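# Notes for the structure review
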Amino acid sequence: MRNSADVVIIGGGISGCSVAYNLAKKGVKNIVVLEKRFICGGSTGACGAGVRMQWGTEMNCLFSKYSIEFFEHANETLEYDGDIEFKQKGYLLIADTDREIEQFKKNIEVQHACGIPSRMVSLDEARSIVPHLNTSILKGAAFCEKDGFLNPFHTTDAYYRAARRLGVEFLHPVTVIGLTTSGGRISGVVTDKGVIHTNCVINAAGGASKQICDMVGISVPVISERHQILVTEPVEPMQEPMVMSFGLNLYVQQSPHGSFIMGRGCDAEPRDGRVTSSHEFLSEMAKTITRTLPPIGKLRVVRQWAGLYNITPDRQPIYEKSADVNGFYMCIGFSGHGFMFGPVTGVVMSEMILGETPTIDASKLSLGRFGRGEMVFEPSVV
Amino acid sequence: MRIENHPVLDFKRGKQISFIFNGKAIDAFEGETIQAALHAAGVRVLGHSLTLHRPRGFYCAIGNCSSCMMVVDGVPNVRTCVTPVREGMVVELQEGKGIIE
């Protein structure tokens, strides 16, 4: 294994691959990406694959809009031989309480100010968009036709291949076991395969981001919580948009293959790095989906899996150039939406590292916001 | 063709019944699977593969391989090799991934 690099990126998920690609495109040489398992083998590969612009904070709206506009042309931009399978069939957000409807209306004002084509829809219209929706339990819905979902494996692969063509080296399986500093500056990365000397390290380690920060004595307020998903047997296409509800606690999409992929959160999920599956999830998910979208209840479950939400107190990522350790950067704490912000992460981090004028202002997402109490709380998360 | 004598298993044949396959009446015995009856009746093509549309025949016979999925009484994706046949059942060949309502 090589023993020095100009830049070492820890994590071979969407964030690491996107940062690597953006840096290489700007001419940075000797970039190495270290991945513990395999490319897309962590939370990116376990995610629900949805991308939406229907958020409650201006920043999330702008980030996701940027990402979605990127995904629309990603096959061409990244010169990908495959297909990222971006299907813009919309997100139908459904609500079963008046309080949530009020939140949707507030969110839509923010979204419209950002140029996002979202709107409230009547229950009749919701049913025309998703005919098998049980509207009898609902109060209303919101819809944005430009939202959608795409294949996380192919998308990460597209970034990975583009980065490799630009000379980025990917090493896996390689586990980072320590970081060294010298005079307040990063000096190297200690791995299970040897030491790499470098003055620049980017923490894009997803579920393991806190452990990486701990290696240089930086304390970050993130926890890694298990979130579970299941997939059913495939049937012919019957549901175009992602259906999501914060109150009912569910999101469900029908993949291009015909299977339904669905997930929900749970307060009792373990926070010790486990990505096992539980029967409680299976049973709660089945109850929720059967009540909300009854025909889907007839399908067999093929498989369950889980990934880690790297969660911050305000459910927003941390984009940070460390003030304490020179040459240490982090893009962590995506709180369950790291995949959809992947394109933004690459741009924000590469500009931060190279000291360029930011195209997207992510200054409110520095680590210091927690100490100053300047959090930007996102109300709309499953 | 039905297995009459098996070195290990003992087939207790129930009374003769009839069900509908693609609009045609087929004889069967109570206690056997839909596939056992279809095989005995000479049905060899159970569906077509989803991508290349090649014919699929009786394969695993234990509910794993997806080769024998049919529409039974309106329900798609029924694994007919492990589903007992019943009097008057309506079984249809399934093309594609199945439609649920």
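Quantities reported herein were computed from a predicted structural model and do not represent experimental measurements. (Residues numbered from 1 in each chain as written. Chains lettered and ligands numbered in written order. Predicted model: local features only at pLDDT ≥ 70, side-chain atom pairs only at ≥ 80, totals over all residues.)

The secondary structure content of chain B amounts to one helix and seven strands. Seen through its principal axes, chain B has C-alpha atoms that stretch 40 × 30 × 20 Å. Here chain B holds 101 residues, and 25% of them are scored as buried. Looking at chain B alone, contacts between residues at least 24 apart form 35% of all its contacts between residues at least 6 apart. (Helix = DSSP H or I, 4+ residues; strand = E, 2+ residues; numbered from the N terminus. Buried ≥ 20, exposed ≤ 12 C-beta atoms within 10 Å, placed from the backbone. Contact = placed C-beta atoms within 7 Å.)

Below, the discussion takes up the sheet that holds strand β7 (residues 90-93) of chain B. Residue and element names in this part refer to chain B. What the five strands build is an open sheet, ordered β2-β1-β7-β5-β6; its pairing is mixed. The open sheet is flanked by β2 (24-29) and β6 (75-79), the only strands paired with a single partner. In this sheet, neighbouring strand axes are inclined to one another by 40° on average, regardless of whether the strands run parallel or antiparallel. For strand β1 (residues 16-21) and β7, the ladder comprises two bridges, and the chain directions are parallel. The residue of β7 that forms the bridge with I20 is V90. (Pairing = 2+ DSSP bridges. Axes fitted to C-alpha atoms, helices over the stretch in contact; angles between N-to-C directions.)

What follows is about the confidence of the model for chain B. Looking at chain B as a whole, the pLDDT averages 94, with 100% of positions reaching at least 70. Confidence metrics for the complex model read pTM 0.93 and ipTM 0.88. (pLDDT = per-residue confidence, 0-100.)

At the interface, eight residues of chain B touch nine residues of chain A. Along the lines of polarity and charge, the residues of the side of chain B that touches chain A split into three nonpolar, three polar and two charged. (Nonpolar A, V, L, I, M, F, W, Y, C, P; charged D, E, K, R; others polar.)

Interface extent is often summarised as the accessible area lost during association of the parts. Residues and elements named next belong to chain A. Segmentation of chain A into domains returns domain 1 (7-46 + 153-222 + 314-372) and domain 2 (88-146 + 224-309). One C-alpha centre belongs to domain 1, the other to domain 2; they are set 30 Å apart. Taken together, the contact between domain 1 and domain 2 spans six residues of the former and 10 residues of the latter. Looking at the side of domain 1 that touches domain 2 residue by residue, the classes come out as one nonpolar, five polar and no charged. (Domains from an automatic or database assignment.)

So, about the environment of T44(A). All names here are of chain A. Its location among the elements puts T44 in the loop between β2 (31-34) and β3 (50-51). Spatially, the C-alpha atoms of T44 and E85 are 15 Å apart, while their sequence positions differ by 41 residues. T44 has contacts with G13, I14, P152, T156, G338 and F339, leaving out every residue within four places of it along the chain.

Once that is clear, we can look at the nonpolar core. Core analysis: the largest hydrophobic core is formed by 111 residues, its most contacted members being V8(A), I9(A), I10(A), A20(A), I202(A) and M262(A). Among the elements that make up this core, the one with the highest residue count is helix α1 (residues 14-25) of chain A (seven residues). Both domains that meet at this core, namely domain 1 (7-46 + 153-222 + 314-372) and domain 2 (88-146 + 224-309) of chain A, each give it at least three residues. In this structure, F19(B), A36(B), M70(B) and C81(B) belong to the second largest nonpolar core, which totals 17 residues. (Core = buried A, V, L, I, M, F, W, Y, C linked by C-beta atoms within 7 Å.)

Right, let's talk about helix α8 (residues 279-292) of chain A for a bit. All names here are of chain A. Between its first and last C-alpha, α8 extends 20 Å over 14 residues, near the 20 Å set by a 1.5 Å rise per residue. All of the buried residues in α8 are F281, M285, I289 and T292. For α8, the arc enclosing every buried residue in end-on projection is 70°, short of the 170-degree limit, so these residues lie on one face. Away from its buried face by more than 90 degrees, α8 exposes H279, E280, S283 and K287. Here the buried face of α8 lies against β13 (223-232), β15 (250-254), β16 (260-264) and β17 (301-311). (Expected span 1.5 Å × (residues − 1). Arc of directions from axis to C-beta.)

Okay, the sheet that holds strand β14 (residues 242-245) of chain A next. Residues and elements named next belong to chain A. The eight strands lie next to each other as β5-β6-β4-β14-β15-β16-β13-β17, forming an open sheet whose pairing is mixed. Of all strands in the sheet, those bounded by a partner on one side alone are β5 (118-121) and β17. Direction aside, neighbouring strands of the sheet carry axes that sit 20° apart on average. Sheet analysis places β15 next to β16, joined by four bridges and oriented antiparallel. Bridge pairing links V252 to M262 in β16. With respect to the sheet, α8 is in contact with β13, β15, β16 and β17, its orientation differing from that of β16 by roughly 110°.

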